[in-house]
Amino acid sequence: QVQLAESGGGLVQAGGSLRLSCAPSGRTYSIRSMAWYRQAPGEQRELVAWISSGGNTNYADSVKGRFTIFRDNAKNKAYLQMNNLKPEETAIYYCYVNSLGSVHWGQGTQVTVSS
């Protein structure tokens with residue numbers, strides 16, 4: 001099993017920045033891809049950014065050029081650097097890992113962007 005602990009959420013003004021962290025524990029040796037999703041109230045959960053074990057990345061069109069996902073493979077930690085945040089990006093942000101075919105989710109961290 002893999003457990004995930006997210007941190008770094010909070011309240012920020014529009015145009016500001018936040019860095020989210022995801023710290024796995026447990027069977028971390030089995031982790032392959034990692035990703036960040038978000039879910040706003042009344043909306044479906046959506047992919048924000050994804051990174052493979054080899055460092056390949058993919059982003060939602062809405063965040064390209066503003067968000068960066070990266071990982072520390074030695075620690076199996078994943079990060080999401082978010083710049084120029086917009087009020088409509090207020091949501092709960094979830095860390096996701098694929099561990100040898102099993103999917104694991106964190107409990108989420110709240111990001112609130114004020115206008």
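Summarised in this report is the structure supplied together with it. Remember, predicted model here, so these are calculated numbers, not experimental data.

Moving on, we come to unusual backbone geometry. Its identity as a non-glycine residue notwithstanding, N76 has a phi of 55°, on the positive side. Look at N84: it is not a glycine, yet its phi comes out positive at around 50°. Structurally, the position occupied by N84 is in the loop between β8 (77-82) and β9 (91-99).

This part takes up the sheet that holds strand β1 (residues 2-7). Read across the open sheet, the 4 strands follow the order β1-β3-β8-β7; overall the sheet is antiparallel. Lying at the two open borders of the sheet, with one neighbouring strand each, are β1 and β7 (67-72). Each neighbouring strand pair of the sheet contributes to a mean axis angle of 15°, computed without reference to strand direction. Strand direction decides the pairing type here: β7 and β8, joined by 6 bridges, are antiparallel. Bridge pairing in β8 places T68 opposite Q81.

Cut-offs used in this document
- Throughout this description, residue numbers start from 1 for each chain and increase along the sequence as written.
- Owing to the predicted nature of the model, reporting of local features is limited to residues with pLDDT of at least 70; listing and counting of side-chain atom pairs is limited to 80 or more, with chain, interface and lining totals taken over all residues.
- Each side-chain value is worked out from all heavy atoms of the structure, with water and hydrogens disregarded.
- Here a helix means four or more residues in a row that DSSP labels H or I, a strand means two or more in a row labelled E, and each is numbered from the N terminus.
- Two strands pair under a simple rule: DSSP has to find at least two bridges between them.
- Note on geometry: axes are lines fitted to C-alpha atoms, helical ones only across the stretch in contact, with angles between N-to-C directions running from 0 to 180 degrees.

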